[in-house]
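# Summary of the model geometry
These are the residues of each chain, in order.
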Amino acid sequence: MAYVINDDCVMCGTCAGECPAGAISEGDSKYEIDPNVCVDCGTCEGACPAGAIAAGN
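Our subject in this report is the structure included herewith.

Reading the values: rules and limits
- Residues numbered from 1 in each chain as written.
- Predicted model: local features only at pLDDT ≥ 70, side-chain atom pairs only at ≥ 80, totals over all residues.
- Heavy atoms only, no water.
- Helix = DSSP H or I, 4+ residues; strand = E, 2+ residues; numbered from the N terminus.
- Buried < 20%, exposed > 50% of the residue type's maximum accessible area, 1.4 Å probe, protein only.
- Salt bridge = Lys/Arg side-chain N within 4 Å of Asp/Glu carboxyl O.
- Core = buried A, V, L, I, M, F, W, Y, C linked by side-chain atoms within 4.5 Å.
- Contact = heavy atoms within 4.5 Å.

Along the chain, C15 turns up in helix α1 (residues 14-18). Accessibility expressed as a relative area gives 7% for C15, which makes it buried. Measuring from C-alpha to C-alpha, the distance between C15 and I33 comes to 9.6 Å, with 18 residues separating the pair along the chain.

Next up, the structure:
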């Protein structure tokens, strides 16, 4: 299951820079992860300073 970014996102972009698959892009109010591109590596979760990323359901 792809990772997801919740509303705690502070739009810093750290996650996008760390994603090896290029699955993260800037949305209107938070960054978004494309579930069709995400490889479930968890790199973004560890990189997020706001703790806004978790494994999806």
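Alright, that's what it looks like, and here's the rest.
Okay, unusual backbone geometry next. Even without a glycine there, the phi angle at M11 is positive, about 60°. Even without glycine at this site, D40 takes up a positive phi of about 60°. In this structure, D40 sits in the loop between β3 (31-33) and α2 (43-47).

Below, the discussion takes up the pattern of salt bridges. For the structure on display, the rule yields one salt bridge. For D7, the salt bridge identified is with K30, shortest N-O distance 3.4 Å. With D7 in the loop between β1 (3-5) and α1 and K30 in the loop between β2 (24-26) and β3, the pair connects residues that are 23 residues apart, well separated along the chain.

Looking now at the nonpolar core. Among the nonpolar cores identified, the biggest contains 15 residues, and I5, C15, I24, I33, C44 and I53 are the most heavily contacted of them. Among the elements of the structure, β1 and β3 are those that each provide at least two residues to this core. Apart from the residues lying within four places of it in its own chain, the contact partners of I53 are Y3, V4, I5, C15, I33, C44, E45 and C48.

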